[in-house]
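# Residue-level structural notes
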Amino acid sequence: PPEQRETATALLAIGPYSGVAVSFLLGPAVVPDWNCTSLLVNTSNSSGGVLEPNPSCIDAMLERIAYLMYGEFAFAAAVLVLVVIALPSRPPTPPSRTSNIPRMSYTTGVSHLFRNKTYLVMGLVFGLATGVYSGWGAILSIILGDYDVSQTEAGWIGFYATVAGAAGGLVMGYYADRKSRHLRHINLGLFTVSAAMFLWFSVA
């Protein structure tokens, strides 16, 4: 129903972030925070030989990273198979009154979208917001490493931040359903708060 669309959109949006939250914990659990540069071996018989990182430590870390990548691939492939097998082509009942209206072809629709300035602005705003968070989250442990925060601690920080953001999005989606006339002000307020929080995190 129209009065529940913002809530439904919020539920859809927080789905991927649930996986992101799990990844913040899964990564440090599978790939420990080993400091291979502290395990040094002397590659020369002389006392002034060149010291290099322990190759066995590096090999073990690369092996753990490969396990993580293959595990994520297997999970994604299993979800894809389930979608192909079990997901119906359409719901049993129309989700809205406009869903039965004949649609234009895919290529024609894409062409119309890229000539729609409103769509381009919305896509740009969404892409910037998502891209900033994705880029920041991917290197969170590196950012916090300069402040003596371990990889595991950084993972928990990312986990709690993502869960809090998902919960906040769900609450705001429910609120927006009841204040549908003020969606522009709600979005402006959320982006302002988000920008302020990123700024505070950067300079704190």
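The structure presented is a predicted model; accordingly, all values stated were derived computationally and were not measured.

### A word on the overall build of the protein chain
Helix and strand counts for the protein chain stand at seven helices and two strands. In sequence order, the secondary structure elements of the protein chain are arranged as α-β-β-α-α-α-α-α-α. Buried positions account for 15% of the 204 residues belonging to the protein chain. Expressed as a percentage of contacts within the protein chain between residues at least 6 apart in sequence, the contacts between residues at least 24 apart total 61%.

### Notes on the confidence of the model for the protein chain
The predicted model of the protein chain has a mean per-residue pLDDT of 79, with 87% of residues at 70 or higher. Mean pLDDT across the elements of the protein chain ranges from a minimum in strand S1 (residues 40-42), with 50, to a maximum in helix H2 (residues 55-86), with 88.

### Let's talk about the packing of helix H1 (residues 5-30) against helix H6 (residues 151-178)
Closest axis-to-axis distance for the H1/H6 pair is 9 Å, and the angle between their directions is 175 degrees. With respect to each other, H1 and H6 are oriented roughly antiparallel. A class-by-class count of the residues in the contact of H1 with H6 yields 16 nonpolar, nine polar and three charged.

### Considering the nonpolar core
Counting residues in hydrophobic clusters, the biggest one holds eight residues: Ala-21, Phe-24, Tyr-133, Trp-136, Leu-140, Leu-144, Ala-154 and Phe-159. Among the elements of the structure, H1, helix H4 (117-138), helix H5 (140-145) and H6 are those that each provide at least two residues to this core. Non-local contacts of Leu-140, meaning those with residues more than four positions away in its chain, are made with Phe-24, Ala-154, Ile-157, Gly-158 and Phe-201.

### A closer look at the packing of aromatic side chains
One pass over the structure, following the stated rule, counts four aromatic pairs. Ring pairs connect the aromatic residues Trp-156, Phe-159 and Tyr-160, which therefore count as one cluster.

### Some points on unusual backbone geometry
Notably, Asp-148 is not glycine yet its phi reads approximately 60 degrees, a positive angle. Accessibility expressed as a relative area gives 72% for Asp-148, which makes it exposed.

### Some remarks on the side chain of Thr-162
When you line up the elements, Thr-162 lands in helix H6. Setting aside its immediate chain neighbours within four residues, Thr-162 contacts Tyr-17, Val-20, Ala-21, Phe-24 and Tyr-133.

### Looking at the layout of surface pockets
Reported here for the largest pocket is a volume of approximately 2100 Å³. When contributions to the lining of the largest pocket are tallied by element, the ones reaching two or more residues are H1, H4, H6 and helix H7 (183-203). Of the residues belonging to the lining of the largest pocket, the class tally is 31 nonpolar, nine polar and one charged. With nine residues, H1 is the largest single contributor of residues to the lining of the second largest pocket. Residue composition of the lining of the second largest pocket, grouped by class: 20 nonpolar, ten polar and two charged.

### Here we look at a nonpolar patch on the surface
A contiguous nonpolar patch, built from Ile-58, Leu-62, Ile-65 and Met-69 and spanning about 340 Å² of accessible area, is present on the exposed surface. Looking at the element boundaries, Leu-62 is found in helix H2.

### Points about the packing of H6 against H7
As a packed pair, H6 and H7 sit with axes 10 Å apart at the nearest point and diverge in direction by 155 degrees. Taken together, the axis directions place H6 and H7 in an arrangement best described as roughly antiparallel. The chirality of how H6 crosses H7 is right-handed. Within the contact between the two elements, H6 uses Met-172, Tyr-175 and Ala-176 and H7 uses Leu-183, Ile-186 and Leu-190.

Rules used in this analysis
- Residues numbered from 1 in each chain as written.
- Predicted model: local features only at pLDDT ≥ 70, side-chain atom pairs only at ≥ 80, totals over all residues.
- Heavy atoms only, no water.
- Helix = DSSP H or I, 4+ residues; strand = E, 2+ residues; numbered from the N terminus.
- Buried < 20%, exposed > 50% of the residue type's maximum accessible area, 1.4 Å probe, protein only.
- Contact = heavy atoms within 4.5 Å.
- pLDDT = per-residue confidence, 0-100.
- Axes fitted to C-alpha atoms, helices over the stretch in contact; angles between N-to-C directions.
- Parallel < 35°, antiparallel > 145°, perpendicular 65-115°, else oblique.
- Nonpolar A, V, L, I, M, F, W, Y, C, P; charged D, E, K, R; others polar.
- Core = buried A, V, L, I, M, F, W, Y, C linked by side-chain atoms within 4.5 Å.
- Phe/Tyr/Trp six-rings, centres within 6.5 Å; stacked < 30°, edge-to-face > 60°.
- 1 Å grid on protein atoms, 1.4 Å probe; cavity = no way out; pocket = protein on both sides within 12 Å on 5 of 7 lines; lining within 4 Å.
- Points joined across faces, edges and corners; volume = space filled by probe spheres on them.
- Patch = residues over 30% accessible without salt bridge, like charges linked within 9 Å, V, L, I, M, F, W, Y side chains within 5 Å.
- Areas by Shrake-Rupley, 256 points an atom, 1.4 Å probe, with all protein chains shown as cover.
- Salt bridge = Lys/Arg side-chain N within 4 Å of Asp/Glu carboxyl O.
- Left-handed = near helix turned anticlockwise from the far one by under 90°.

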